[in-house]
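Residues per chain are reported as follows:
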Amino acid sequence: MTRFGIIGGGLMGHGIAVALAQAGHRIVVYDADPVTLASLDERIVRALERCDTPPGDVGMMTARITAAKTLADLVLRVDVVIEAVPERLDVKHQVLAALEEKIPAVMPVWSNTSVLSLTEVAKDMRHPQRLVGVHWWNPPYVIPLVEVAPGAETDHRFVQEACDMLDGMGKTTVRLHRDVRGFIGNRLQFALVREALHLLEQGVCDPGTIDTVMRTSLGLRWSAVGPMENADFIGLDLTRDILDSLAPHLSVAVTFPALDKPLSAGHRGRASGGGLLAWPAGQGEEVA
Ligand code: NAI
């Protein structure tokens, strides 16, 4: 049993706490926002119920997660600290600076950043060798994958230790050789999003059609076969021919009018009642 401290009890922080509790660990969560902290228990119970936890186990797992009112309280009782604060470099720097004043130099620190450079996240740390990128997918208690990556100064023993712990929890852990923005999953995901927006902007189809194509073909296929395996299946010669023909036409865009247009009308997506598709208002931010 390891004692984890999580800084930031929002969408990911509370989800990671649940995933760790499911594996038998103890977790302390600190959030700067008292309202978020006050709703922690309720959100944890909801998450456990969502993954059909037997009612008898809900209480046991909830008891493994406690809230800390201050960062000083959090660090008193932990072996590993996870930062899950907003995806802003200044916020991460401020949190890590405050944290390092309170913990020993050897304590591992995991960052849940999605797309920031780990090297930049660790830039002002006194002990950057302990900062490991540990990228969970939402919801962390459902999605098996956790991506683990070093920053430029990370000591690989901390990376190995993180992988061992996550493997021990039954997660599917992948280890990246080096720091890359977006890890692997978000690189692949957003390459696809960029091409989808390109198709919209070219007037090829409407947004719903893109989702239908994905759900009824690639989505099914790619749950069983990865793109590398798929390239071997169809043959590298054919893969090469297809890429030679398609590559000049694929998007390399760095601006996205298909997003800017709904955004300028106040349509941020499902939670705002409108986005690329039409949504009833007030459905919340959580993914399906
Ligand atoms: P969120 O906004 O739901 O939660 C962040 C929490 O941090 C908030 O509750 C906020 O009150 C708290 N916070 C802000 N400043 C703080 C401070 N100085 N000290 C303590 N708490 C503070 O954000 P979310 O979505 O949970 O993202 C957190 C991190 O996880 C980000 O780096 C994000 O990129 C990453 N991530 C997000 C995923 C997602 O699907 N939302 C998936 C994977 C990673």
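By the naming in an unreviewed UniProt entry, the chain goes by 3-hydroxyacyl-CoA dehydrogenase NAD-binding domain-containing protein and is assigned to Streptomyces gobitricini. Turning to the chain, the UniProt record has this under Sequence similarities (unreviewed entry): "Belongs to the 3-hydroxyacyl-CoA dehydrogenase family."

Student: An account of the overall build of the chain is needed here, citing residue identities and associated values.
Tutor: Tallying secondary structure elements over the chain gives 13 helices and 8 strands in all. In terms of overall size, the chain behaves like a compact globule, its C-alpha atoms giving a radius of gyration of 21 Å where 288 residues would be expected to give roughly 19 Å. Across the 288 residues in the chain, those meeting the buried criterion constitute 28%. The long-range fraction of contacts in the chain, counting pairs at least 24 apart against all pairs at least 6 apart in sequence, stands at 62%.

Student: Help me get a handle on the sheet that holds strand β6 (residues 131-136), residues and values and all.
Tutor: Ordered by their spatial adjacency, 8 strands build an open sheet running β3-β2-β1-β4-β5-β6-β7-β8, and the pairing between neighbours is mixed. On the outer flanks of this sheet lie β3 (65-68) and β8 (172-175), each paired with one strand and no other. Mean inter-strand twist for the sheet, computed between neighbouring axes without regard to direction, equals 25 degrees. Together, β1 (3-7), β2 (26-30), β3, β4 (80-83) and β6 form the strand contacts of helix α1 (residues 11-22), whose direction differs from that of β2 by roughly 170 degrees.

Student: Could you give an account of the site of the ligand, naming the residues involved and the relevant values?
Tutor: If you check the shell around the ligand, you find 24 residues, and the closest are G8, G10, M12, E87 and N138. Where the shell around the ligand is concerned, the elements lending two or more residues are α1, α6 (89-100) and β6. Of all the elements, α1 adds the most residues to the shell around the ligand, at 3 residues. Here the shell around the ligand is composed, by residue class, of 11 nonpolar, 10 polar and 3 charged.

Student: Before we move on, can you summarise the packing of α1 against helix α3 (residues 40-50) with the specific residues and values?
Tutor: Pairs of packed helices are described in terms of their axes, by the angle between the two and the distance that separates them. Contact pair α1 / α3: the axes reach a minimum separation of 10 Å and the direction vectors enclose 55 degrees. On the basis of their axis angle, the class for α1 and α3 is oblique. The crossing of α1 and α3 is right-handed. Residue-level inspection shows H14, G15, A17 and V18 of α1 in contact with α3, the latter providing L40, R43, I44, A47 and L48. Broken down by class, the residue content of the contact of α1 with α3 amounts to 6 nonpolar, 2 polar and 1 charged.

Student: Which residues make up α6, and what values go with them?
Tutor: Taking 1.5 Å per residue, 12 residues should reach 16 Å; α6 reaches 16 Å between its end C-alpha atoms and fits that length. Of the residues making up α6, those classed as buried are K92, V95, L96 and L99. Seen end-on, α6 carries its buried residues on one side only, within an arc spanning 95 degrees. Opposite the buried face of α6, by more than 90 degrees, sit the exposed residues D90 and A97. Buried positions along α6 lie against β1, α5 (71-75), β4, β5 (109-111) and α7 (118-121).

Student: I'd like a description of the packing of helix α9 (residues 185-201) against helix α13 (residues 257-264), backed by residues and values.
Tutor: Viewed as axis vectors pointing N to C, α9 and α13 meet at an angle of 80 degrees, and their least axial separation amounts to 8 Å. The orientation of α9 with respect to α13, classified from their angle, is roughly perpendicular. For the pair α9 and α13, contact is made by L197, L200 and E201 and by P257, A258 and L259, respectively. Along the lines of polarity and charge, the residues of the contact of α9 with α13 split into 5 nonpolar, no polar and 1 charged.

What counts, and where the lines are drawn
- Residues numbered from 1 in each chain as written.
- Predicted model: local features only at pLDDT ≥ 70, side-chain atom pairs only at ≥ 80, totals over all residues.
- UniProt positions renumbered as here; feature names shortened; annotations may be inferred.
- Helix = DSSP H or I, 4+ residues; strand = E, 2+ residues; numbered from the N terminus.
- Rg over C-alpha atoms; globule rule 2.2 N^0.38 Å.
- Buried ≥ 20, exposed ≤ 12 C-beta atoms within 10 Å, placed from the backbone.
- Contact = placed C-beta atoms within 7 Å.
- Pairing = 2+ DSSP bridges.
- Axes fitted to C-alpha atoms, helices over the stretch in contact; angles between N-to-C directions.
- Near = placed C-beta within 6 Å.
- Nonpolar A, V, L, I, M, F, W, Y, C, P; charged D, E, K, R; others polar.
- Parallel < 35°, antiparallel > 145°, perpendicular 65-115°, else oblique.
- Left-handed = near helix turned anticlockwise from the far one by under 90°.
- Expected span 1.5 Å × (residues − 1).
- Arc of directions from axis to C-beta.

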